Amino acid sequence: MLKTGKLLRLRRLSLAGDGRHLLVPLDHSVSDGPIVPAGEWDDLLRALVDGGADGIIVHKGRARAFAPDILRNCALVVHLSASTACSADVHAKVLVADVEEALRLGADAVSVHVNIGSDTEARQLSDLGAVARSCDAWGMPLIAMVYPRGPRIENPRDPALLAHLANVAADLGADMVKTSVALPVERMAEVVAGSPIPVLAAGGPPDGSDLVEYGTAVMATGCRGLAVGRRIFSVPSPASLVARLAAVVHGDGGASSNGMSMTSPSTFVAGVA
(Lines give C-alpha, C1' and ligand atoms only; values in the text may rest on other atoms or scores of the structure.)
Protein backbone atom coordinates (compact mmCIF):
# COMPACT_ATOMS: atom_id res chain seq x y z
CA MET A 1 0.00 0.00 0.00
CA LEU A 2 1.12 3.55 -0.64
CA LYS A 3 2.29 5.47 2.40
CA THR A 4 0.04 8.21 3.77
CA GLY A 5 2.49 10.96 2.79
CA LYS A 6 2.57 9.82 -0.81
CA LEU A 7 -1.22 9.57 -0.94
CA LEU A 8 -1.56 13.13 0.37
CA ARG A 9 0.94 14.46 -2.17
CA LEU A 10 -0.72 12.58 -5.03
CA ARG A 11 -4.02 14.14 -4.00
CA ARG A 12 -2.49 17.63 -4.22
CA LEU A 13 -1.49 16.94 -7.83
CA SER A 14 -5.18 17.02 -8.80
CA LEU A 15 -6.97 20.17 -7.65
CA ALA A 16 -10.41 18.86 -8.54
CA GLY A 17 -9.78 15.62 -6.68
CA ASP A 18 -10.76 13.62 -9.76
CA GLY A 19 -7.36 12.03 -10.31
CA ARG A 20 -6.81 14.03 -13.50
CA HIS A 21 -3.92 16.41 -14.00
CA LEU A 22 -2.96 19.51 -15.95
CA LEU A 23 0.76 19.98 -15.38
CA VAL A 24 2.91 22.76 -16.84
CA PRO A 25 6.59 21.85 -17.32
CA LEU A 26 8.85 24.90 -16.96
CA ASP A 27 12.20 23.10 -16.88
CA HIS A 28 13.08 24.25 -20.42
CA SER A 29 15.28 27.04 -19.06
CA VAL A 30 18.03 24.48 -18.34
CA SER A 31 17.83 22.63 -21.63
CA ASP A 32 17.17 25.55 -23.99
CA GLY A 33 17.54 28.88 -22.17
CA PRO A 34 15.18 31.49 -20.67
CA ILE A 35 11.49 30.91 -21.30
CA VAL A 36 10.47 34.44 -20.18
CA PRO A 37 12.49 37.45 -18.97
CA ALA A 38 13.58 37.06 -15.35
CA GLY A 39 11.23 39.79 -14.16
CA GLU A 40 8.20 38.05 -15.67
CA TRP A 41 8.47 34.71 -13.89
CA ASP A 42 6.11 35.61 -11.04
CA ASP A 43 3.53 36.92 -13.51
CA LEU A 44 3.76 33.70 -15.52
CA LEU A 45 3.32 31.57 -12.41
CA ARG A 46 0.31 33.61 -11.27
CA ALA A 47 -1.25 33.23 -14.71
CA LEU A 48 -0.83 29.44 -14.54
CA VAL A 49 -2.36 29.29 -11.07
CA ASP A 50 -5.23 31.62 -11.99
CA GLY A 51 -5.93 29.57 -15.11
CA GLY A 52 -6.29 26.38 -13.09
CA ALA A 53 -3.06 24.41 -13.57
CA ASP A 54 -2.82 21.47 -11.16
CA GLY A 55 0.96 21.68 -10.94
CA ILE A 56 4.16 23.15 -12.35
CA ILE A 57 7.48 21.37 -12.99
CA VAL A 58 10.69 23.32 -12.29
CA HIS A 59 14.29 22.74 -11.24
CA LYS A 60 15.36 23.18 -7.62
CA GLY A 61 16.97 26.60 -8.02
CA ARG A 62 13.90 28.03 -9.72
CA ALA A 63 11.71 26.72 -6.92
CA ARG A 64 13.72 28.83 -4.46
CA ALA A 65 13.29 31.98 -6.55
CA PHE A 66 9.58 32.66 -6.23
CA ALA A 67 7.34 33.39 -3.28
CA PRO A 68 5.61 30.29 -1.85
CA ASP A 69 2.23 32.04 -1.75
CA ILE A 70 2.19 32.13 -5.56
CA LEU A 71 1.52 28.38 -5.59
CA ARG A 72 -1.40 28.70 -3.18
CA ASN A 73 -3.57 26.41 -5.33
CA CYS A 74 -0.96 24.65 -7.44
CA ALA A 75 1.31 21.68 -6.78
CA LEU A 76 5.10 21.86 -7.05
CA VAL A 77 7.05 19.18 -8.93
CA VAL A 78 10.85 19.41 -8.75
CA HIS A 79 12.68 18.02 -11.78
CA LEU A 80 15.83 16.10 -10.86
CA SER A 81 17.39 15.57 -14.31
CA ALA A 82 19.21 17.90 -16.67
CA SER A 83 21.11 18.33 -19.93
CA THR A 84 21.54 21.26 -22.31
CA ALA A 85 21.16 21.76 -26.04
CA CYS A 86 24.90 22.55 -26.11
CA SER A 87 25.91 19.06 -24.95
CA ALA A 88 27.84 16.63 -27.14
CA ASP A 89 24.96 14.22 -26.45
CA VAL A 90 21.66 16.03 -25.86
CA HIS A 91 20.01 12.72 -24.93
CA ALA A 92 22.35 12.11 -21.98
CA LYS A 93 20.47 13.12 -18.83
CA VAL A 94 22.16 13.35 -15.44
CA LEU A 95 20.79 13.80 -11.93
CA VAL A 96 21.31 17.32 -10.57
CA ALA A 97 19.14 17.13 -7.44
CA ASP A 98 17.74 14.53 -5.05
CA VAL A 99 14.53 13.73 -3.22
CA GLU A 100 15.67 15.21 0.07
CA GLU A 101 16.31 18.59 -1.57
CA ALA A 102 12.85 18.48 -3.13
CA LEU A 103 11.29 17.72 0.25
CA ARG A 104 13.02 20.72 1.82
CA LEU A 105 11.55 22.87 -0.96
CA GLY A 106 8.03 21.63 -0.17
CA ALA A 107 7.64 19.59 -3.37
CA ASP A 108 4.54 17.49 -3.93
CA ALA A 109 6.38 15.23 -6.40
CA VAL A 110 9.67 14.82 -8.25
CA SER A 111 10.38 13.93 -11.86
CA VAL A 112 13.26 12.10 -13.58
CA HIS A 113 14.03 12.05 -17.32
CA VAL A 114 15.15 8.86 -19.12
CA ASN A 115 15.82 8.54 -22.87
CA ILE A 116 15.35 4.95 -24.00
CA GLY A 117 17.50 4.17 -27.03
CA SER A 118 20.19 6.70 -26.11
CA ASP A 119 23.88 5.86 -25.67
CA THR A 120 23.57 6.49 -21.91
CA GLU A 121 20.32 4.59 -21.36
CA ALA A 122 21.87 2.20 -18.81
CA ARG A 123 23.02 4.99 -16.50
CA GLN A 124 19.71 6.81 -16.78
CA LEU A 125 17.80 3.65 -15.87
CA SER A 126 20.08 3.18 -12.87
CA ASP A 127 19.38 6.77 -11.80
CA LEU A 128 15.63 6.21 -12.11
CA GLY A 129 15.82 3.12 -9.92
CA ALA A 130 17.83 4.95 -7.28
CA VAL A 131 15.42 7.89 -7.18
CA ALA A 132 12.46 5.51 -6.96
CA ARG A 133 14.06 3.86 -3.94
CA SER A 134 14.48 7.24 -2.25
CA CYS A 135 10.92 8.26 -3.14
CA ASP A 136 9.60 5.10 -1.54
CA ALA A 137 11.54 5.84 1.64
CA TRP A 138 10.22 9.41 1.86
CA GLY A 139 6.68 8.93 0.56
CA MET A 140 7.34 11.15 -2.46
CA PRO A 141 5.44 10.61 -5.76
CA LEU A 142 7.72 10.00 -8.75
CA ILE A 143 6.92 11.05 -12.31
CA ALA A 144 9.17 9.28 -14.82
CA MET A 145 9.60 11.20 -18.07
CA VAL A 146 10.54 8.33 -20.38
CA TYR A 147 11.01 9.07 -24.07
CA PRO A 148 12.07 7.06 -27.13
CA ARG A 149 15.08 9.14 -28.18
CA GLY A 150 18.46 8.24 -29.56
CA PRO A 151 20.18 6.43 -32.43
CA ARG A 152 18.37 3.15 -31.82
CA ILE A 153 14.85 4.51 -32.22
CA GLU A 154 13.20 4.12 -35.63
CA ASN A 155 9.64 5.23 -34.88
CA PRO A 156 9.20 7.28 -31.69
CA ARG A 157 5.40 7.29 -32.16
CA ASP A 158 5.03 3.49 -32.25
CA PRO A 159 2.31 2.47 -29.72
CA ALA A 160 4.06 -0.81 -28.89
CA LEU A 161 7.29 1.02 -28.13
CA LEU A 162 5.49 3.61 -25.99
CA ALA A 163 3.70 0.85 -24.08
CA HIS A 164 7.11 -0.71 -23.43
CA LEU A 165 8.40 2.61 -22.07
CA ALA A 166 5.40 2.93 -19.77
CA ASN A 167 6.13 -0.50 -18.34
CA VAL A 168 9.81 0.34 -17.87
CA ALA A 169 8.77 3.27 -15.70
CA ALA A 170 6.28 1.20 -13.74
CA ASP A 171 8.66 -1.71 -13.17
CA LEU A 172 11.40 0.60 -11.89
CA GLY A 173 9.09 2.22 -9.33
CA ALA A 174 7.50 5.32 -10.86
CA ASP A 175 4.00 6.40 -9.87
CA MET A 176 3.28 8.09 -13.22
CA VAL A 177 5.03 8.05 -16.60
CA LYS A 178 5.15 10.91 -19.10
CA THR A 179 5.96 9.91 -22.67
CA SER A 180 5.27 10.75 -26.32
CA VAL A 181 1.82 10.52 -27.92
CA ALA A 182 1.30 7.75 -30.45
CA LEU A 183 0.34 8.47 -34.02
CA PRO A 184 -2.35 8.39 -35.05
CA VAL A 185 -3.57 9.78 -31.73
CA GLU A 186 -6.35 7.19 -31.49
CA ARG A 187 -3.72 4.49 -30.99
CA MET A 188 -2.81 6.09 -27.67
CA ALA A 189 -5.62 3.92 -26.30
CA GLU A 190 -3.31 0.92 -26.81
CA VAL A 191 -0.63 2.57 -24.68
CA VAL A 192 -3.19 3.33 -21.97
CA ALA A 193 -4.43 -0.26 -21.99
CA GLY A 194 -0.90 -1.61 -21.59
CA SER A 195 0.20 0.74 -18.82
CA PRO A 196 0.02 -0.43 -15.19
CA ILE A 197 0.49 3.15 -13.92
CA PRO A 198 -0.71 6.62 -14.91
CA VAL A 199 1.49 7.85 -17.75
CA LEU A 200 2.38 11.40 -18.73
CA ALA A 201 3.07 11.71 -22.45
CA ALA A 202 4.93 14.58 -24.11
CA GLY A 203 4.59 16.43 -27.40
CA GLY A 204 1.92 18.62 -28.94
CA PRO A 205 0.41 18.06 -32.39
CA PRO A 206 3.34 17.56 -34.79
CA ASP A 207 1.60 19.64 -37.43
CA GLY A 208 1.16 22.63 -35.10
CA SER A 209 -2.63 22.34 -35.13
CA ASP A 210 -4.98 23.56 -32.40
CA LEU A 211 -3.72 22.54 -28.97
CA VAL A 212 -7.12 22.37 -27.27
CA GLU A 213 -8.57 20.14 -30.01
CA TYR A 214 -5.49 17.95 -29.80
CA GLY A 215 -5.75 17.71 -26.02
CA THR A 216 -9.40 16.75 -26.33
CA ALA A 217 -8.50 13.96 -28.75
CA VAL A 218 -5.76 12.72 -26.42
CA MET A 219 -8.11 12.67 -23.44
CA ALA A 220 -10.68 10.75 -25.47
CA THR A 221 -8.27 7.83 -25.74
CA GLY A 222 -8.48 7.28 -21.98
CA CYS A 223 -5.60 9.50 -20.91
CA ARG A 224 -5.61 11.01 -17.41
CA GLY A 225 -4.52 14.50 -18.22
CA LEU A 226 -2.19 16.84 -20.07
CA ALA A 227 1.32 18.13 -19.43
CA VAL A 228 1.68 21.29 -21.50
CA GLY A 229 4.78 23.47 -21.42
CA ARG A 230 6.09 25.45 -24.37
CA ARG A 231 2.69 25.83 -26.02
CA ILE A 232 1.48 27.64 -22.86
CA PHE A 233 4.36 29.85 -21.75
CA SER A 234 4.98 31.11 -25.29
CA VAL A 235 1.49 32.57 -25.82
CA PRO A 236 0.45 36.16 -24.91
CA SER A 237 -2.35 35.04 -22.55
CA PRO A 238 -1.32 31.80 -20.81
CA ALA A 239 -4.09 32.02 -18.18
CA SER A 240 -6.77 31.83 -20.85
CA LEU A 241 -5.18 28.83 -22.56
CA VAL A 242 -4.66 27.05 -19.23
CA ALA A 243 -8.34 27.58 -18.38
CA ARG A 244 -9.41 26.01 -21.68
CA LEU A 245 -7.11 23.04 -21.19
CA ALA A 246 -8.26 22.64 -17.58
CA ALA A 247 -11.83 22.39 -18.87
CA VAL A 248 -10.72 19.61 -21.22
CA VAL A 249 -8.90 17.74 -18.45
CA HIS A 250 -11.46 18.11 -15.67
CA GLY A 251 -14.64 18.43 -17.73
CA ASP A 252 -16.49 16.23 -20.21
CA GLY A 253 -13.44 16.16 -22.47
CA GLY A 254 -11.89 13.68 -20.06
CA ALA A 255 -14.39 10.93 -20.79
CA SER A 256 -12.76 7.65 -21.72
CA SER A 257 -13.53 6.13 -25.09
CA ASN A 258 -12.35 2.64 -24.23
CA GLY A 259 -14.56 1.92 -21.24
CA MET A 260 -11.75 2.29 -18.71
CA SER A 261 -12.80 3.63 -15.34
CA MET A 262 -11.41 7.12 -14.83
CA THR A 263 -10.54 6.17 -11.26
CA SER A 264 -8.57 3.09 -12.29
CA PRO A 265 -4.87 3.03 -11.28
CA SER A 266 -4.01 1.89 -14.83
CA THR A 267 -4.47 5.29 -16.43
CA PHE A 268 -2.41 7.56 -18.61
CA VAL A 269 -1.54 11.24 -18.47
CA ALA A 270 -0.77 12.46 -21.93
CA GLY A 271 1.41 15.49 -22.27
CA VAL A 272 1.31 18.16 -24.89
CA ALA A 273 4.43 20.25 -24.39
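The structure this text deals with has already been given above.
Cut-off values and rules
Starting afresh in each chain, residues are numbered from 1 along the sequence in its written order. In keeping with the predicted nature of the model, local features appear solely for residues at pLDDT of at least 70, side-chain atom pairs appear and are counted solely at 80 or more, and the whole-chain, interface and lining totals rest on all residues. Only hydrogens and water are removed before side-chain values are computed, so all heavy atoms of the structure are retained for them. By definition, any uninterrupted DSSP run of H or I lasting at least four residues is a helix, any uninterrupted run of E lasting at least two residues is a strand, and each is numbered from the N terminus. Only C-alpha atoms enter the radius of gyration, while the globule expectation follows 2.2 Å times N to the 0.38, with N the number of residues. Burial classification: accessible surface area is computed with a 1.4 Å probe over protein chains only, and a residue below 20% of its type maximum counts as buried, one above 50% as exposed, and the rest as partly exposed. We call two residues in contact when some of their heavy atoms are within 4.5 Å. Only one rule defines a salt bridge in this text: a Lys or Arg side-chain nitrogen within 4 Å of an Asp or Glu carboxyl oxygen. To get an axis, a line is fitted to the C-alpha atoms, and for a helix only the part in contact is used. The angle between two axes follows their N-to-C directions and goes from 0 to 180 degrees. We call two directions roughly parallel when the angle between them is under 35 degrees, roughly antiparallel when it is over 145, roughly perpendicular when it lies between 65 and 115, and oblique otherwise. Left-handed describes a crossing whose near helix is turned anticlockwise from the far helix by less than a right angle; the clockwise case is right-handed. We call Phe, Tyr and Trp rings a pair once their centres come within 6.5 Å, taking the six-membered ring for Trp, and we label the pair stacked below 30 degrees between planes, edge-to-face above 60, and tilted otherwise. Both a distance and an angle decide whether a charge sits over a ring: NZ of Lys or CZ of Arg must be within 6 Å of the ring centre and within 35 degrees of the ring normal. What makes a nonpolar core is a set of buried Ala, Val, Leu, Ile, Met, Phe, Trp, Tyr and Cys residues whose side-chain atoms join them at distances within 4.5 Å.

Draft legend 1. Main features of the overall build of the chain. The helix and strand inventory of the chain stands at eleven helices and ten strands. The C-alpha atoms of the chain give 17 Å as radius of gyration, which agrees with the globular expectation for 273 residues (19 Å, within 12%). Once the C-alpha set of the chain is aligned to its principal axes, its extents read approximately 45 × 40 × 40 Å. In the chain, which comprises 273 residues, the share counted as buried stands at 55%. Counting only contacts in the chain whose residues sit at least 6 apart along the sequence, the fraction spanning at least 24 positions is 71%.

Draft legend 2. The pattern of salt bridges, seen in detail. Going through the model one piece at a time under the given rule, you end up with seven salt bridges. A salt bridge links Asp50 to Arg72, with the nearest nitrogen and oxygen atoms 2.9 Å apart. With Asp50 in helix α3 (residues 41-51) and Arg72 in the loop between α4 (60-63) and β3 (75-79), this pair connects stretches of sequence that are 22 residues apart. On the basis of relative accessibility, which here comes to 56%, the residue Asp50 falls in the exposed class.

Draft legend 3. The arrangement of the packing of α3 against helix α11 (residues 238-250) in detail. Put simply, α3 and α11 touch, their axes get as near as 7 Å, and they point 30° apart. Between α3 and α11, the interaxial angle falls into the category roughly parallel. In the crossing of α3 with α11, the sense of the turn from one axis to the other is right-handed. Where α3 approaches α11, its residues Leu44, Ala47, Leu48 and Gly51 are matched on the opposing element by Pro238, Ala239, Val242, Ala243 and Ala246.

Draft legend 4. View of the packing of aromatic side chains. Counting across every chain of the model gives zero aromatic pairs. A cation over a ring is seen here: Arg149 above Tyr147, with NZ or CZ 4.1 Å from the ring centre.

Draft legend 5. Expanded view of unusual backbone geometry. Omega for the bond connecting Leu183 with Pro184 falls within 30 degrees of zero, at -5°, which places this linkage in the cis form. Its location among the elements puts Pro184 in the loop between β8 (176-178) and α8 (188-194).

Draft legend 6. Broad picture of the nonpolar core. Leu26, Leu48, Ile56, Val110, Leu142, Leu226 and Leu245 are the most contacted members of the largest nonpolar core, which has 70 residues in total. Once you skip the residues sitting within four places of it in the chain, Leu245 turns out to touch Leu22, Leu211, Val212, Leu226, Val228 and Ile232. Membership of the second largest hydrophobic core comes to 13 residues, among which are Leu23, Ile57, Ala75 and Ala109.

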